Structure formats: C-alpha cells, structure tokens
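# A closer look at the structure
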Amino acid sequence: MQKLSYRDRIIVLVVLVILIIVAGVMLLIKPKFEDISTAESELSSAQAQWDELNGKIKQVDAIKERVQKKYDESVQIGSLFVDIKRAYTLERFIQEYIDKNGIYINTNASFTDPSIVELKPYSLETESLEYSIGQSANLNDTSETENSSDSSQETEEENQSLPCGTITIDYNATRAGLMQFMQDIKDSGKSIEIKSLTINNNSYNTNPDAVLSGDITINVYYAQMISDVDIGGEIEATEPQQ
C-alpha cells in the first residue's frame, strides 16, 4: 500500500478529529441538552404548581384569619349571655345575688324553665314639635331635609328569639341592699333584665336602712356557648389524602 503523504495524513487526522467531535456531540452532549430541556420543562411545571399551591395557602391563611375573627367576636358576644339553665339551676344562679345583698323571700319565689321569647329591636321615637312661632323663627327651614335624612337612615331589623328564664320574688330588703342588688346585676355584664319592680306603699322610705317590700320580676336570657374550634385541624381533616 502506498504510503500517505504528510498532507494526506493531516487531512485524515482532521477528518478523524471532526468525526470524534460529531460523535461526542451526538452521543454525549445532545442527550444532555435534551435532559436540560426536559428538566427546564419540569421546573416550569413545578413552578406553576408551586404558585398555585402558594396561592391556595395564602387563601387558607386569609380564611383562617376571618374565621378566627368571627369566632372571637362570637365568643365576646356569647359571654354576655348566661348558659342555659333549668328552673332549679336558675334558682342557684340568682341565689348568689340574693344572699350577698340580704334579699329575703317574704312569701313566694318562682323560677321557670327556659322558654323561647322574641326580642324586638330597640327604637327611639321622637315627636316633632311644630308650632307657628317656631316655624316663623326658623329662617333656615331644614325640617324636610332632616326628615328625609332620618327616614333614609332607618333600616329594617329582624326580631330575634332567645331562650329565657323568669324569676319572680316577693321580697323584703333594706333600701341599700335592694339598690346594691340591682347594681350587682348591672355590673355582671350578663343578659339579666329586671323586668319589673314594685315597692309596697306602706314600706317606701328613702332611708338606706329602711326595710322595703314588694315584688320583683327578672328575666335571664340564655345562649348556647360556642365550642372551641381547631381551625388548623379542620383544614387538615379536609385535605385530600395522597
């Protein structure tokens, strides 16, 4: 075989190097580029899923905050009411106020089991005073505007119903004890209403030590206490199992 010249050997060497480079690209580098492209695609998909989950997490946090706020408000409102009591436990409940202030039962005391009563919204009714001299003196007649403004601010409020227990006592007490009894009920911060109070004419006296007698009716309004709630646990319980 004829020997290759130096020039031919150089050409063959260059061709071999080129073939090796092409083979390396095809066998090693190209698959890596494909792997990188696949990884980038998977990263993009994972990022999209992460963004979606992160958005849901932020929504859950916002929901938890709103639920916790409503729960705290409900607990605060619920603390104004007394937990539901039967007649005999209602007697024990009011006994603390009675004993503390020396309220003595004269002849009769009654305590009822809870029953549903309807509460109507409180409203203030005022009578407009219109008279000729007053109208003449009013140089800036804004009565119609005020009336229309007042009427526009009025809103319909629904009546509410609650369980209620009633206490009726035929009492003897000092004037000071009776006044303190009513003050203690007010200071309790509970939904206890002194519905009516009468003082017999022959016992009325402004002396603090004077013994008064009469009848007193008290309404105690109940509400079921809201139970504790584990918001995080409730959310975890509703999450789909993997």
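Scroll up to find the structure.
Residues numbered from 1 in each chain as written. Predicted model: local features only at pLDDT ≥ 70, side-chain atom pairs only at ≥ 80, totals over all residues. Heavy atoms only, no water.

Before going further, it helps to spend a moment on the overall build of the chain. Tallying secondary structure elements over the chain gives six helices and five strands in all. Of the regular secondary structure in the chain, the N- to C-terminal order runs α-α-β-β-α-α-β-α-β-β-α. The buried share among the 242 residues of the chain stands at 19%. If you take every contact in the chain between residues at least 6 apart in sequence, the share linking residues at least 24 apart comes to 84%. (Helix = DSSP H or I, 4+ residues; strand = E, 2+ residues; numbered from the N terminus. Buried < 20%, exposed > 50% of the residue type's maximum accessible area, 1.4 Å probe, protein only. Contact = heavy atoms within 4.5 Å.)

Along an α-helix, residues three or four positions apart point the same way, because every turn accommodates 3.6 residues. With 13 residues, helix α5 (residues 175–187) should reach 18 Å at 1.5 Å per residue; the first-to-last C-alpha distance of 18 Å fits that figure. Turning to α5, its buried residues are G177, L178, F181, D184 and I185. Buried residues of α5, seen end-on, are gathered within an arc of 125 degrees and therefore sit on one face of the element. Counted as exposed and oriented over 90 degrees from the buried face of α5: K186 and D187. Against the buried residues of α5 lie α2 (87–100), β3 (160–174), β4 (192–199) and β5 (211–221). (Expected span 1.5 Å × (residues − 1). Arc of directions from axis to C-beta.)

Viewed as axis vectors pointing N to C, α2 and α5 meet at an angle of 140 degrees, and their least axial separation amounts to 9 Å. Considered as vectors, α2 and α5 are oriented oblique to each other. α2 and α5 meet at a crossing whose hand is right-handed. Judged by residue contacts, Y97, I98 and K100 of α2 engage F181, D184 and I185 from α5. (Axes fitted to C-alpha atoms, helices over the stretch in contact; angles between N-to-C directions. Parallel < 35°, antiparallel > 145°, perpendicular 65-115°, else oblique. Left-handed = near helix turned anticlockwise from the far one by under 90°.)

Turning our attention to the nonpolar core. Core analysis: the biggest nonpolar cluster contains 22 residues, and I167, F181, I218 and V220 have the highest contact counts within it. Going through the elements one at a time, α2, β3, α5 and β5 are the ones with two or more residues in this core. Ranked by residue count, the leading element in this core is α2, at six residues. Leave out the neighbours within four places in its chain, and V220 touches V82, L90, F93, P163, C164, G165, I167, S191 and I192. F81, C164, Y221 and A223 belong to the second largest nonpolar core, which has five residues in total. (Core = buried A, V, L, I, M, F, W, Y, C linked by side-chain atoms within 4.5 Å.)

Before going further, it helps to spend a moment on the pattern of salt bridges. Any two side chains of opposite charge can pair, given that their charged atoms come close. Summed over all chains, the structure comprises five salt bridges. Residues K85 and D83 are paired through a salt bridge, measuring 3.3 Å at the closest nitrogen-oxygen approach. For D83, a relative accessible area of 40% translates into the label partly exposed. (Salt bridge = Lys/Arg side-chain N within 4 Å of Asp/Glu carboxyl O.)

With that out of the way, let us pick up the environment of G177. With respect to the helices and strands, G177 occurs in helix α5. Sequence spacing of G177 and L212 is 35 residues, and the spatial spacing of their C-alpha atoms is 9.6 Å. What G177 contacts, discounting residues up to four positions off in sequence, is N101 and I103.

Quick look at a nonpolar patch on the surface now. A contiguous nonpolar patch, built from Y6, I10, V14, I18, V22, M26, L27, L28, I29, F33 and I36 and spanning about 1100 Å² of accessible area, is present on the exposed surface. Mapped onto the secondary structure, Y6 falls in helix α1 (residues 6–78). (Patch = residues over 30% accessible without salt bridge, like charges linked within 9 Å, V, L, I, M, F, W, Y side chains within 5 Å. Areas by Shrake-Rupley, 256 points an atom, 1.4 Å probe, with all protein chains shown as cover.)

Pairing geometry for strand β1 (residues 104–111) and β3, over five bridges, is antiparallel. Bridge pairing in β3 places Y104 opposite N172. The pairing of strand β2 (residues 115–119) with β3 spans five bridges and is classified as antiparallel. Paired with V117 across the strands is L162, a residue of β3. (Pairing = 2+ DSSP bridges.)

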